[in-house]
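Architecture at a glance
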Amino acid sequence: MGSVGAKEVPVLLSPDGKRIDGRRLDELRPLKIVAGALHQADGSAFVEWGANKVMAAVYGPREVHPRHLQQNNKAIVQCKYNMAAFSVDERKRPGLDRRSQEISKVISEAFESVIFVEEYPRTSIDIYIEVLQANAGTRCAGVVAASVALADAGIPMVDLLPSVAVGKIGGAIALDLKKEEDNFGEADMPMALVPQSGRLVLLQMEGHMTAEELGRSLDLGVQGCRSIYEVMKQALRDRYQVGGGAAQEVGA
Amino acid sequence: MGSVGAKEVPVLLSPDGKRIDGRRLDELRPLKIVAGALHQADGSAFVEWGANKVMAAVYGPREVHPRHLQQNNKAIVQCKYNMAAFSVDERKRPGLDRRSQEISKVISEAFESVIFVEEYPRTSIDIYIEVLQANAGTRCAGVVAASVALADAGIPMVDLLPSVAVGKIGGAIALDLKKEEDNFGEADMPMALVPQSGRLVLLQMEGHMTAEELGRSLDLGVQGCRSIYEVMKQALRDRYQVGGGAAQEVGA
Amino acid sequence: MGSVGAKEVPVLLSPDGKRIDGRRLDELRPLKIVAGALHQADGSAFVEWGANKVMAAVYGPREVHPRHLQQNNKAIVQCKYNMAAFSVDERKRPGLDRRSQEISKVISEAFESVIFVEEYPRTSIDIYIEVLQANAGTRCAGVVAASVALADAGIPMVDLLPSVAVGKIGGAIALDLKKEEDNFGEADMPMALVPQSGRLVLLQMEGHMTAEELGRSLDLGVQGCRSIYEVMKQALRDRYQVGGGAAQEVGA
Amino acid sequence: MSNEVTAEILGTHILELARTGRRLDGRGIDDYRPVSVEPGFAAAADGSALARIGATAVVCGVKLEPGKPFPDTPNAGVLTTNAELVPLSNAMFEPGPPHPRAIEVSRVIDRAIRAGEAIDLAKLCVTPGEKTWVCYVDVHVIDHSGNLIDAGSLAALTALTHATLPSKRFSLGDDSPLAVQHYPVETTFCRLGDAIVVDPSLDEELACQGRLTIATDEAGNVVAMQKGLVGAFSPDDIKSLADRAFRHGDRMRKIATGA
Amino acid sequence: MSNEVTAEILGTHILELARTGRRLDGRGIDDYRPVSVEPGFAAAADGSALARIGATAVVCGVKLEPGKPFPDTPNAGVLTTNAELVPLSNAMFEPGPPHPRAIEVSRVIDRAIRAGEAIDLAKLCVTPGEKTWVCYVDVHVIDHSGNLIDAGSLAALTALTHATLPSKRFSLGDDSPLAVQHYPVETTFCRLGDAIVVDPSLDEELACQGRLTIATDEAGNVVAMQKGLVGAFSPDDIKSLADRAFRHGDRMRKIATGA
Amino acid sequence: MSNEVTAEILGTHILELARTGRRLDGRGIDDYRPVSVEPGFAAAADGSALARIGATAVVCGVKLEPGKPFPDTPNAGVLTTNAELVPLSNAMFEPGPPHPRAIEVSRVIDRAIRAGEAIDLAKLCVTPGEKTWVCYVDVHVIDHSGNLIDAGSLAALTALTHATLPSKRFSLGDDSPLAVQHYPVETTFCRLGDAIVVDPSLDEELACQGRLTIATDEAGNVVAMQKGLVGAFSPDDIKSLADRAFRHGDRMRKIATGA
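The model shown is predicted, which means the values in this text are computed figures rather than measured ones. (Residues numbered from 1 in each chain as written. Chains lettered and ligands numbered in written order. Predicted model: local features only at pLDDT ≥ 70, side-chain atom pairs only at ≥ 80, totals over all residues. Heavy atoms only, no water.)

**Here's the deal with the overall build of chain A**
Put simply, the test is: A run of H or I in DSSP counts as a helix once it spans at least four residues, and a run of E counts as a strand once it spans at least two, with each numbered from the N terminus. Partly exposed describes any residue whose relative accessible area lies between the buried limit of under 20% and the exposed limit of over 50%, with all areas from a 1.4 Å probe on protein chains only and scaled to the type maximum. Working rule for contacts: check all heavy atoms of both residues, and any pair within 4.5 Å makes them a contact.
Across its full length, chain A carries four helices and nine strands. In chain A, the order of α-helices and β-strands from amino to carboxyl end is β-β-β-β-α-β-α-β-β-α-β-β-α. Expressed along its principal axes, the backbone C-alpha trace of chain A runs to roughly 55 × 40 × 40 Å. Each of the 252 residues in chain A was classed as buried or not, and the buried ones make up 58%. Pairs at least 24 apart in sequence give 68% of the contacts found in chain A among residues at least 6 apart.

So, in structure tokens, the structure goes:
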């Protein structure tokens, strides 16, 4: 969102409708997903998406800590989204800040909406998302990575959760904002889709949009999620053809 | 208490023995008590006392959290006194500071002295006091509110606990100090009385008093508590005549 | 260790090989140990070593807190090393800092290496070390005090744990550094010895030493530990001759 | 255990009612509970309000103090929103560090005020890069009977609208009203089966299958959204809820400003 | 469980003894345990003392460092008192953030020093509004056998009385004694049935029906009070305890100052 | 319980293998697992590396920002090392404040860099006593399969070696390489009965009878050591491990610097 008093606002959209990195309004940044990127976790995935690098791991179903959170009729889903100190321009102090806690909550709820939690009463399904390099859209990259990690861990779900942000830049609705677009654009709306039902389980927004723009943004986001869904499925297919060696690919 | 180096000390007592708000030395500020001011709590009360606004709620007897504090032969009494960030002139950072923790401790002990705790072994009686507007004497207002809230919750007690502070201003002993009197006076002594036994279960003091002044202050405080006791009883009588609608009155 | 940019480096070694306090390179500072210095603890000891004053207490074997740390086949050993706010030149903020936590960990592990922990399954042996006055070598003084406190508490151990630091000052290997030697010397190496086996259960080092210097330092440290061992045994002998009155001696 | 059973029976009943467009307290699908505000409730604050939605009660206090601007916005004021879900307000809250639930309420209320540009932050600047007004918006929940976000947002907008910049207290000239330029408010919905109800009660929140909050301004913009809790909404759901949110928002703005 | 039973039996016994004016350790109702101080115990501090009351031992260290005055008292020094009830001192204390018990001890000791105006804070001012001495009074309990408040207060007064303002270390001129102007000390009583004993031991504290601490100064003023624990005192009790407190206080002041 | 039993059986097996110089994964006593680094892995940092030792993976990011020097070293830069053992990396780690294990890893890595004088801190000074570069070395463990200290130390040295002083970003002149002057690295050993193996795997760490880490530099100095875990080493053990550490250290330095 535009910050009051910030130094200068760059031109985000050229006269011929191209964005600062040359993309069209409905074009995604390059996305690469490696399923099974870690050795210790029960399931894992590494996502490189534009200049984002995000790792996700899943542990569980396992014993609940702390114990009093245990539910007798279902598993609890606990996501922790965290940014490495060096993942952003100005060093971030280690530890969970309020932003991370809010993101962790909405992602936990998004996944609890699609995991068959009643199959694992009295357990916890723990999702950890670590942002190693951040360039706008890290919570969406985290949801994509966590989704593949959950599948890698064999957790039964209604469906994978593709996720992307739609925003408004220079008055136009654009898919998958990068950092400058997020900082100086007029709106940002991250979402996550259940492809099977066409419904959203994660949705946040801030900025300015008319009802009509909101409608178009939702449609563009759903379309983006469907493209991402294909990449996610391919990553899982690759995982089981290549075997355990996938971990070596990260960062290569 | 007089602060060293503070800008200027106002005249707290006129030549004819009147205080800055026109009160006599033994006169209370206006006091209004609404019993049953909240819907969720098991018992509650709202107190407006001079420029103080204090809400108290009681939950329990209920399960003890954390569990290891549970006592096999009695209920534990846990009071949390807290000030809203906006209740004082300079914004107070949210969270329990040391002052609040000390006040919570002495109020907990005061109420444990009058509640029949042995009737509810292995439970907790939780008292919450929220100061929404502060003008000296908030702990006394909190005790008065909590006392009515306990009665509203049906917790059996030896007696209600009227509470007031006595202080020394311009060399004279005065009842129920307001903010300027507290800041620039010579002593402040909050207390809480068990009317039935005539004994004090809460007593703190700081400042300067001779033994003789201390004696007079105790007597004046006991007299003040007895007046407050009447207002408390009337608030409980009103509660059961008016019924559940009392909540609407708060702040009206 | 030498600090970059520090004001001025004092001469740590005179031409005739004497140190700033007149000691030889292999000479210990004066060491005084009082076993049984406290009344409440199950075992205790007070150590004055040069300008260090360190108190240690032992509680246990007792119930484990928090419960989930309990081990079914052995006692756990939990050491907390702490410095009083006034123990150092610049006031230290109360509370465990990272240095204290690291020291607590290595001391816990050192003692778990010599205590017969399998004799007390499901219990905790708690060691508390309080530094009241610090002048380099406080962790070693703490290990010496804790060791005597454990013996005083009757905890069965393979052996006592004498402990001392060896360092490098003005190019020479020296025993038992004091503050200026530690601040401006070239290396510091605290260690703790099991006299019976001749093995080290605590060893840390920072600075610069060649392999040859390291070898000599280890030998000098072992020799220093053996001297300290004698003082420790004498303190325990005194304890049982003098009886419970030993506590009065602290600080006398 | 018995609590869980009670909650499940109540939840089933709420969903059954919703199937025929009914609610436990007799409201229609698109009805709020009674709404009221009392500006100036907490007089030690520079602006304040007690807001009630049914049995939910929230006090907001606004404090303004001079401070340092952020290095990347040297000409702008600083806005800080915090919601305290104190244990006085509901048996489910415990003392201790803020629960993620309280953090979400804080951040969602903050998002509406900030993205909706309620305050003209540029006008809070005293000396660029050196000194600015810091605006603390503290939301204190005293009775939690559901829909804290809308109650908190209403209390905050009312408190801001009635706030004074206390320049005199800090020797910065004469007092003046705080420069409120837009009027964003939150409207919250919950899915109960196929029905989507506005202003959920606490029982409805516990039974619901997804919560959606939409903040609108007086100029026809959606300025913030937050989907919360377990459950899902289709794009068509959201588009139609936005229309409902504008309607409710206009009414809330009138209540907040006393217009 | 067996601990609880033991405590209850012991408590009953203590109350029975008190009925005939006797105490578990043979003292009379108005007797302190042996009291001693050792000034200068912790030499890294600017003032320090080890105080013992019976088997209770407390070290106090005073540190003086330049810092900023509070905005509302630009001409006054800053005083900070902290008591650490470390787990070394008693099996009942656990590691972690300060327990309300430790906070109460800190604040009650602080109250006597502050309200009793032990230090002339005006003399700690270096540059008004800019720089002042900050006086840290840190009380470290090493053996808790009851009556920490009196032991801590005695250690603190002894440490302050013997403290040096370390001006040289901070290039602020020559060192000088800290300006102590009054000598407040605490006297603590516990009710055991109808008897009210001074200087309660740990067992008496656990058995008692109310604790009252009264701080007095050398000029005949009560400067602070704190009623603690479960129990009650009548106004007449308190008046008579004040008289006893003055008597004990005078003796403590002599011990603290070595007079 | 079953976990404990499994661990005990595995531990016994590891110790039996070690008696004949063998290891679970087929390595020799003095063999590392495969080692690799990828400098520049985290491009938002001023220097970074992903280091792998077998299945252990660690990312280090170095950030350089202007700040205040410590009062006692006005002419020197500030170095801060922090290791995060996030729960993503192993089932044994839980969210929350740093565990003593993480603190030890942080401090041991820091000690090698600091005592080994990897960075010329004097060159980080901008204005003596006023402004200096602060060098944050953040080690983020993403896959913990044993020997975090060596992996973290390798990642840190690689990141430092490839780091840039971002002067331009802070209007302090042109960017330049960070002044690395020495190349300390850690080598970690574990005792398994009479055998002492290098580069312990996670299973070996759990079964071992003492851990010893020795940091060496390129000039033939031991610059830091840390004995950890339950167990003991004789002086002769340590002397011989130092020789082995120099050999491994030389190889690690080549890997870190790409020489």
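There is more to say after this.
**Things to note about the state of the cysteines**
Selection rule: Note that a disulfide, as used here, is simply two cysteine sulfur atoms within 2.5 Å.
The final tally for this structure, using the stated rule, is zero disulfides over all chains. The thiol sulfur of C225 of chain A is not disulfide-bonded, and the nearest other cysteine sulfur, from C140 of chain A, lies at 7.7 Å. By relative accessible area, C225 of chain A is classed as buried at 0%. In this structure C60 of chain D is not part of a disulfide, and its nearest cysteine sulfur, from C135 of chain D, lies 8.8 Å away.

**What to know about the pairing of strand 4 (residues 78-84) of chain F**
Residues and elements named next belong to chain F. Convention followed: When DSSP finds at least two bridges between two strands, those strands are taken to pair.
For strand 4, the buried fraction is high: five of the seven residues fall into the buried class. In this structure, strand 4 lies alongside strand 6 (residues 131-143), joined through seven bridges in parallel fashion. For A83, the partnering residue across the bridge sits in strand 6 and is V139.

**Topic: the pairing of strand 3 (residues 56-67) of chain E**
Residue and element names in this part refer to chain E. Counting buried positions along strand 3 yields 10 of 12 residues, so the element is predominantly enclosed. Direction of pairing for strand 2 (residues 47-53) relative to strand 3: antiparallel, over a ladder of seven bridges. Note that in strand 3 the partner of I53 across the bridge is T56. Between strand 2 and strand 3, which follow one another and run antiparallel, lie two residues, and G54 among them has a positive phi close to 55°. Judged from the 11 bridges that link them, strand 3 and strand 6 (residues 131-143) form a sheet pairing that is antiparallel. Bridge pairing links L64 to C135 in strand 6.

**Structural notes on the interface of chain A and chain D**
The following threshold applies: Joining two parts hides part of their accessible area as seen by a 1.4 Å probe, and the buried area is that hidden amount summed over both. Salt bridge, as used here, is a side-chain nitrogen of Lys or Arg placed within 4 Å of a carboxyl oxygen of Asp or Glu. A 3.5 Å cut-off defines polar contacts: any pair of N or O atoms within that distance qualifies, except that in protein one atom must be a possible hydrogen donor and the other a possible acceptor, and neighbouring residues in sequence count only when both atoms are side-chain atoms. When residues are sorted by character, Ala, Val, Leu, Ile, Met, Phe, Trp, Tyr, Cys and Pro go into the nonpolar class, Asp, Glu, Lys and Arg into the charged class, and all the rest, Gly among them, into the polar class.
Every contact between the two is made by 34 residues of chain A and, on the other side, 46 residues of chain D. For the chain A and chain D pair, buried surface summed over both sides reaches about 3300 Å², with 57% attributable to carbon and sulfur atoms. Between chain A and chain D we count four salt bridges in total. Put simply, chain A and chain D have 16 residue pairs in polar contact (both at pLDDT 80 or more) between them. Within the residue set of the side of chain A that touches chain D, elements represented by two or more residues are helix 1 (98-112), strand 9 (199-209) and helix 4 (211-242) of chain A. Considering each element in turn, the side of chain A that touches chain D owes the most residues, 11 residues, to strand 9 of chain A. Broken down by class, the residue content of the side of chain A that touches chain D amounts to 14 nonpolar, 11 polar and nine charged. Bridge count for strand 9 of chain A against strand 12 (residues 222-228) of chain D is four bridges, and the pairing is antiparallel. Pairing of Q204 of chain A across the sheet is with Q226 of chain D, part of strand 12 of chain D.

**Points about the confidence of the model for chain D**
Detailed reading of the predicted model is not advised wherever pLDDT is low. Let me state the cut-off plainly: Confidence scores labelled pLDDT are given residue by residue by the predictor and lie between 0 and 100.
Across chain D, the average pLDDT comes to 96, with 99% of residues at 70 or higher. This prediction of the complex comes with two scores: 0.95 for pTM and 0.95 for ipTM.

**Brief notes about unusual backbone geometry**
Cis geometry is found at the peptide bond from G60 of chain A to P61 of chain A, where omega equals -5°. Among the structural elements, P61 of chain A can be located in strand 3 (residues 52-62). Here the bond from H65 of chain B into P66 of chain B is cis, since omega is -5°, no more than 30 degrees from zero. The residue P66 of chain B is located in the loop between strand 3 (52-62) and strand 4 (76-83) in this model. Of note in this structure, R122 of chain A is not a glycine but carries a positive phi near 65°. With respect to the helices, strands and loops of the structure, R122 of chain A is situated in the loop between helix 1 and strand 5 (124-133). Of the residues examined, R122 of chain A reaches a relative accessible area of 43% and is grouped as partly exposed. A positive phi angle, near 55°, is found at S171 of chain F, a position not held by glycine. In this structure S171 of chain F comes out as exposed when scored by relative accessible area, which is 67%.

**Quick notes on the arrangement of the chains**
The smallest C-alpha distance separating chain A from chain B is 11 Å, and no contact links them. With respect to C-alpha atoms, chain B approaches chain F no nearer than 19 Å, and the pair has no contact.

**A look at the interface of chain B and chain D**
Of the residues lining the interface, 30 residues belong to chain B; the matching set on chain D comes to 33 residues. Taken together, the links from chain B to chain D amount to one salt bridge. For the salt bridge of D138 of chain D with R91 of chain B, the shortest nitrogen-to-oxygen distance reads 2.7 Å. Counting every contact that joins chain B to chain D gives 14 residue pairs in polar contact (both at pLDDT 80 or more). Looking at the side of chain B that touches chain D, the elements with two or more residues in it are strand 3, strand 4 and strand 5 (124-133) of chain B. Counting residues per element, the side of chain B that touches chain D draws most heavily on strand 3 of chain B, at six residues.

**Quick look at the packing of aromatic side chains**
All names here are of chain F. Rules: Aromatic contacts are taken between Phe, Tyr and Trp rings whose centres are within 6.5 Å, Trp giving its six-membered ring; a plane angle under 30 degrees counts as stacked, one over 60 as edge-to-face, and the others as tilted.
One pass over the full model with this rule turns up nine aromatic pairs over all chains. Ring plane angle 75° and centroid distance 5.8 Å describe the contact between W133 and F170, whose orientation is recorded as edge-to-face. Of this pair, W133 sits in strand 6 while F170 sits in the loop between strand 7 (164-165) and strand 8 (176-177), and the two are 37 residues apart along the sequence. On the basis of relative accessibility, which here comes to 29%, the residue F170 falls in the partly exposed class.

**A look at the pattern of salt bridges**
Residues and elements named next belong to chain C. Counted by the stated rule, this structure contains 108 salt bridges over all chains. Here K105 makes a salt bridge to E109, at a shortest N to O gap of 2.8 Å. Placement of the pair is K105 and E109 together in helix 1 (residues 98-112), with a separation of four residues, close to one helical turn. Classification of E109 as buried rests on a relative accessible area of 10%.

**Brief notes about the confidence of the model for chain A**
Residues and elements named next belong to chain A. Here chain A shows a mean pLDDT of 93. Residues at 70 or above account for 92%. Across residues 1-6, confidence stays below pLDDT 50; counting only partners more than four residues off in sequence or on other chains, it has 20 contacts. In the model, residues 244-249 has pLDDT below 50 throughout and makes 10 contacts with residues more than four positions away in sequence or in other chains.

**Things to note about the sheet that holds strand 3 (residues 52-62) of chain C**
Residue and element names in this part refer to chain C. Inclusion rule: A fitted line through C-alpha atoms serves as each axis, taken over the contacting stretch for helices, and the angle formed by two N-to-C directions is quoted from 0 to 180°.
Overall, mixed pairing links the five strands, which are arranged 1-2-3-5-4 in an open sheet. Taken across any chain shown, the strands that pair with only one partner, and hence form the sheet edges, are strand 1 (31-35) and strand 4 (76-83). Geometrically, the sheet is characterised by an average inter-axis angle of 15° between neighbouring strands, direction not taken into account. Taken together, the eight bridges between strand 4 and strand 5 (residues 124-133) define a ladder with parallel strand orientation. Each bridged residue has a counterpart across the sheet, and for C79 the counterpart in strand 5 is I127. Lying over the sheet, helix 1 contacts strand 4 and strand 5, oriented at roughly 145° with respect to strand 4.

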